[in-house]
Amino acid sequence: MARRAPAPAGPLGDDFSFVSPVAKYVLFFFNLLFWMISMVMVAVGVYARLLKHAEAAMACLAVDPAILLIMVGILTFLITFCGCVGSLRENICLLQTFSICLTVVFLLQLAAGVLGFVFSDKARGKVSELINGAIVHYRDDLDLQNLIDFGQKEFSCCGGVSYKDWSQNMYFNCTATNPSRERCSVPFSCCLHDTDQAVINTMCGHGMQARGYLEASAFIHTNGCIDKLVNWIHSNLFLLGGITLGLALPQLVGIVLAQLLINQIRDQIKLQLYNQQHRADPWY
């Protein structure tokens, strides 16, 4: 007796969905976490900016950590907002915007890393410009001042190329016409500190620029921070690589989840159209 051919499969039920709840809600909570982090970044940046004087706010916008924090926070807020709403509402347009923006950010980071490695001399020159600009505005911005002091303490350095770079600052300038009390001095963060010293002498860098390298080296760090920074980077390539991978991995996960969800939503739309057509024309 011949076996009957199986009946053709009918349309899937209306309760069936191609959209995976796991992919949908993992992407949602992933973006929600970074969305909240971005709001904290913006709030901290705005708070730090409002605490500064108006003249300081106009002095060095290019090197202001508060402005940088606000810009990164706003960019992260907009991107993760598209991801949150797009995943929750299953909106292809918002998900595509999220995926494209995240891809662009990832490619820019990758390009910056490659260019920085290939054009290391130019990158060194740019870092030198930034450090010199920070030295000029050292007294204009408290956040910038704390950042420079932290860097000089951690890397045991002073200035960009040498401690004499502090003459670029109007307060530390070593010309005879400078009326500042800090003339020819360097910040206390340049000084050699004794671990047993309980109280920090903030005047330890007074008049050090007027001394020679050998004489000044008994009291302060005379080597510049640029060479120290370059040496630290070369000694910690694996650490920097791990940090870079840690920053890139969430971006790649977000891109993959967004593309997966977009494809599932498109399949769901096709299923709905097919079911509607089948109900209108059973012979379809």
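The structure presented is a predicted model; accordingly, all values stated were derived computationally and were not measured. (Residues numbered from 1 in each chain as written. Predicted model: local features only at pLDDT ≥ 70, side-chain atom pairs only at ≥ 80, totals over all residues. Heavy atoms only, no water.)

**Looking at the overall build of the protein chain**
In terms of regular secondary structure, the protein chain is built from nine helices and zero strands. Counted from the first residue to the last, the protein chain has its helices and strands arranged as α-α-α-α-α-α-α-α-α. In the protein chain, which comprises 284 residues, the proportion classed as buried is 32%. In the protein chain, the proportion of contacts linking residues at least 24 apart, taken out of those at least 6 apart, comes to 69%. (Helix = DSSP H or I, 4+ residues; strand = E, 2+ residues; numbered from the N terminus. Buried < 20%, exposed > 50% of the residue type's maximum accessible area, 1.4 Å probe, protein only. Contact = heavy atoms within 4.5 Å.)

**Here's the deal with the packing of aromatic side chains**
Counted under the stated rule, the structure contains ten aromatic pairs. For the ring pair phenylalanine 28 and phenylalanine 29, a centre distance of 5.1 Å and an interplane angle of 70 degrees mean the geometry is edge-to-face. Phenylalanine 28 sits in the buried class, given a relative accessible area of 16%. Note on phenylalanine 77 and phenylalanine 81: the rings are 6.3 Å apart at their centroids and 15 degrees apart in plane angle, and the pair reads as stacked. Of this pair, phenylalanine 77 and phenylalanine 81 both sit in helix α3 (residues 65–89), four residues apart, roughly one helical turn. By relative accessible area, phenylalanine 77 is classed as partly exposed at 26%. The class of phenylalanine 81 is partly exposed, set by a relative accessible area of 40%. (Phe/Tyr/Trp six-rings, centres within 6.5 Å; stacked < 30°, edge-to-face > 60°.)

**Some remarks on the pattern of salt bridges**
A complete count under the given rule lists four salt bridges for this structure. Taking the shortest distance from any N to any O, the salt bridge between lysine 126 and glutamate 129 comes out at 3.9 Å. Separated by three residues within a single helix, lysine 126 and glutamate 129 lie in helix α5 (residues 120–136), roughly one turn from each other. A salt bridge links glutamate 182 to arginine 139; the nearest nitrogen and oxygen atoms lie 2.5 Å apart. With glutamate 182 in the loop between α6 (142–155) and α7 (213–216) and arginine 139 in the loop between α5 and α6, the pair connects residues that are 43 residues apart, well separated along the chain. Judged by relative accessible area, glutamate 182 falls into the partly exposed class, the value being 26%. With relative accessibility at 33%, the residue arginine 139 sits in the partly exposed group. (Salt bridge = Lys/Arg side-chain N within 4 Å of Asp/Glu carboxyl O.)

**A look at helix α4 (residues 92–118)**
If you check α4, its first and last C-alpha atoms are 38 Å apart, about what 27 residues at 1.5 Å a residue would give, namely 39 Å. Where α4 is concerned, the buried positions are Ile92, Leu95, Phe98, Ser99 and Leu102. For α4, the capping residue at the N-terminal end is asparagine 91, with a side-chain oxygen 3.0 Å from the backbone nitrogen of cysteine 93. (Expected span 1.5 Å × (residues − 1). Polar contact = N/O pair within 3.5 Å; in protein donor to acceptor, adjacent residues only side chain to side chain.)

**Here's the deal with α6**
Because the α-helix completes a turn every 3.6 residues, residues three or four places apart line up on one side. Compared with the 20 Å implied by 1.5 Å per residue over 14 residues, the 20 Å span of α6 between its first and last C-alpha is a close match. Residues of α6 that are buried: Leu144, Gln145, Ile148, Asp149, Gly151 and Gln152. Down the axis of α6, the sector holding all buried residues measures 160 degrees, keeping them to one side. Facing away from the buried surface of α6 by more than 90 degrees, the exposed residues are Leu142, Phe150 and Glu154. Among the structural elements, α5 and α8 (225–235) are those in contact with the buried residues of α6. In the stretch just after α6, serine 156 is the one whose phi turns positive, near 50 degrees. (Arc of directions from axis to C-beta.)

**Some details on the confidence of the model for the protein chain**
When pLDDT is averaged along the protein chain, the result is 83; 86% of the residues meet or exceed 70. Across residues 54–61, confidence stays below pLDDT 50; counting only partners more than four residues off in sequence or on other chains, it has eleven contacts. (pLDDT = per-residue confidence, 0-100.)

**Points about the state of the cysteines**
A covalent bond bridging the sulfur atoms of two cysteines is what the word disulfide describes. Following the criterion strictly, the structure yields four disulfides and no others. Cysteine 158 shares a disulfide with cysteine 190; S-S distance 2.1 Å. Measuring the twist about the S-S bond at about 80 degrees, one finds the cysteine 158-cysteine 190 disulfide to be right-handed. Highlighted residues: cysteine 158 in the loop between α6 and α7 and cysteine 190 in the loop between α6 and α7, separated in sequence by 32 residues. Under the relative-accessibility criterion, cysteine 190 is labelled buried at 0%. The disulfide that involves cysteine 174 links it to cysteine 184, with 1.8 Å between the sulfurs. (Disulfide = S-S within 2.5 Å.)

**Things to note about the nonpolar core**
Side chains of nonpolar character tend, in soluble globular proteins, to be buried together. If you look at the biggest cluster of nonpolar residues, it comprises 18 residues, and the most contacted ones within it are Ile148, Cys158, Tyr163, Trp166, Val186, Cys190 and Ile220. When contributions to this core are tallied by element, the ones reaching two or more residues are α5 and α6. Broken down by element, this core gets its largest block of residues, three residues, from α5. Discounting residues that sit within four places of it in the chain, valine 186 has contacts with Cys158, Tyr163, Trp166, Phe172, Gly205, Met208, Gln209 and Ile220. Core analysis: the second largest hydrophobic core is formed by 15 residues, Ile92, Leu95, Leu102 and Ile262 among them. (Core = buried A, V, L, I, M, F, W, Y, C linked by side-chain atoms within 4.5 Å.)

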